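# Observations on chain architecture
One letter stands for each residue in the lines below.
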Amino acid sequence: MELIDTMTLEGLLYDFFGADLKKPSQQISEQEFNLEIDEDGKKYKTRGFIDKLFLYSKEKRAVIRDFKTSKQVFKGKEISDNLQNLMYCLAVKKVFPEYKNIEVEFLFVKFDLQPDLLGSPGKGVLKMEKISEEELEGFEYQLTSIQEYLESFNEDDARSNLAAKQNYPSDNTFGGPLMCGKEGFKKSKGKEVLDKNGNPIPNYICEFRNPFDYYAIINKEGVLQKCVFTKEETENIDPEFFVEKRSYQGCPHFEKTEDSSFLV
Ligand code: SF4
């Protein structure tokens, strides 16, 4: 709780309302975007939301602020190839096309956000380089290829690329069959490892490895809107929607082989 309070305070002190920049003509929290583009050889769909958006109509300037609670400030490729930065700039370009000067700031609230005595930004403030029109155009073509790939993606593609079929990672990352985990409990020298209450500690296991039931929320036209894991999550849905209980058969790899002996 104390941590959240400190983080909230950092965010507020940084001027959540954008007045540190001067009075915005419009400020929007959680600006949603839902893009469906089909123009000049670009065809993609994407949606999301922006934490805080400040619009300055006179300067045609849009400032996007995204609050992060991560333990580290971005570095390296997280800065140079930041997908969120590209996506936010693209969203503002499409939703507010008259705003040509788009700036993105990531605010890491676990770090100091206040400027120092010389006015340099605090350690937790990351102002991104401006994205050029050409870069955004390139990003749109990239989204178009991803969209094409997703639209032609079928069950055979999915089955051919399961983590269980990949090699074990050689670089200490959590990839390959390690992602699948295994049934049972942690053991050391043949004995179960116990937690501080004397209970055996379960092994990590991928949440999609075993079968489970879930609930599909469907609109009145019969189009699937969303899937949720528990019945409680279906209680406050749009009264025109209906809920269907469905079963997931488990990961096809394990369903087929029923043999996890190759896993450590
Ligand atoms: S259990 Fe199946 S779904 Fe889960 S990581 Fe392994 S291959 Fe992927």
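Please refer to the structure placed before this passage.
What you see is a predicted model, and the numbers here were worked out from it, not measured in a lab. (Residues numbered from 1 in each chain as written. Predicted model: local features only at pLDDT ≥ 70, side-chain atom pairs only at ≥ 80, totals over all residues. Heavy atoms only, no water.)

Tallying secondary structure elements over the protein gives six helices and 10 strands in all. For the protein, with 264 residues in total, the buried portion stands at 31%. Taking the intrachain contacts of the protein between residues at least 6 apart in sequence as the baseline, contacts between residues at least 24 apart amount to 58%. Split by element, the accessible area of the protein, about 17,800 Å² in all, is 52% carbon and sulfur. (Helix = DSSP H or I, 4+ residues; strand = E, 2+ residues; numbered from the N terminus. Buried < 20%, exposed > 50% of the residue type's maximum accessible area, 1.4 Å probe, protein only. Contact = heavy atoms within 4.5 Å. Areas by Shrake-Rupley, 256 points an atom, 1.4 Å probe, with all protein chains shown as cover.)

Let us look at the sheet that holds strand β1 (residues 26–39). Pairing in this open sheet of five strands is mixed, and the strands run β1-β2-β3-β4-β5 from one edge to the other. Pairing within the sheet leaves two strands with one partner each, and these edge strands are β1 and β5 (125–127). The average undirected angle you get between the axes of adjacent strands in this sheet is 35 degrees. Sheet topology places β1 next to strand β2 (residues 42–56); 13 bridges connect them, and they run antiparallel. Directly across from S29, in β2, lies its bridge partner K52. Here helix α3 (residues 83–95) sits on the sheet in contact with β1, β2, β3 (61–68) and β4 (101–108), set at roughly 85 degrees to β1. (Pairing = 2+ DSSP bridges. Axes fitted to C-alpha atoms, helices over the stretch in contact; angles between N-to-C directions.)

Before going further, it helps to examine the pattern of salt bridges. Summed over all chains, the structure comprises 14 salt bridges. With a shortest N-O distance of 2.8 Å, K68 and D66 are connected by a salt bridge. A single burial state applies to K68 and to D66, both of which are buried. Where E133 meets K93, a salt bridge forms, and the shortest distance between an N and an O atom there is 3.2 Å. (Salt bridge = Lys/Arg side-chain N within 4 Å of Asp/Glu carboxyl O.)

Moving on, we come to the environment of E148. Examined against the element boundaries, E148 turns out to sit in helix α4 (residues 133–152). Residue classification places E148 among the exposed residues on the basis of a relative accessible area of 53%. Placed 105 residues apart in sequence, E148 and K43 show a C-alpha to C-alpha distance of 8.4 Å.

Right, let's get into a nonpolar patch on the surface. Taken together, the side chains of Y168, F174, L178, M179 and Y204 define a hydrophobic patch exposed on the protein surface, amounting to about 450 Å² of accessible area. By the element assignment, M179 lies in the loop between α5 (155–160) and β6 (187–188). M179 gets classed as partly exposed once you look at its relative accessible area, which sits at 33%. (Patch = residues over 30% accessible without salt bridge, like charges linked within 9 Å, V, L, I, M, F, W, Y side chains within 5 Å.)

Within strand β8 (residues 212–218), five of the seven residues are buried, leaving the element largely enclosed by the surrounding structure. Examined bridge by bridge, β8 and strand β10 (residues 242–248) share seven bridges and lie antiparallel to one another. Note on β10: the bridge partner recorded for A216 is E244. Sheet topology places β8 next to strand β9 (residues 224–228); four bridges connect them, and they run antiparallel. Of the residues in β9, the one forming a bridge with Y215 is V228. Between β8 and β9, which pair antiparallel and follow one another directly, the connecting turn spans five residues, one of which, G222, has a positive phi of 85 degrees.

Running from amino to carboxyl end, α3 crosses α4 at an angle of 100 degrees, the nearest separation of the two axes being 10 Å. Judged on the interaxial angle alone, α4 and α3 are roughly perpendicular. In contact with L83, L86, M87, C89, L90, K93 and K94 of α3, α4 contributes E133, L136, F139, E140 and L143. Split into classes, the residues belonging to the contact of α3 with α4 amount to eight nonpolar, no polar and four charged. (Parallel < 35°, antiparallel > 145°, perpendicular 65-115°, else oblique. Nonpolar A, V, L, I, M, F, W, Y, C, P; charged D, E, K, R; others polar.)

What follows covers the packing of aromatic side chains. To describe a pair of aromatic rings, one takes the distance between the centres and the angle between the planes. The full count for this structure, using the stated rule, is nine aromatic pairs. Taking the ring centre of Y99 as reference, the NZ or CZ of K60 above it sits at 5.7 Å. Directly above the ring of Y56 sits R61, whose terminal nitrogen or CZ lies 5.5 Å from the centroid. (Phe/Tyr/Trp six-rings, centres within 6.5 Å; stacked < 30°, edge-to-face > 60°. Lys NZ or Arg CZ within 6 Å of the ring centre and 35° of its normal.)

Purely spatial values, then, with no claim about function.
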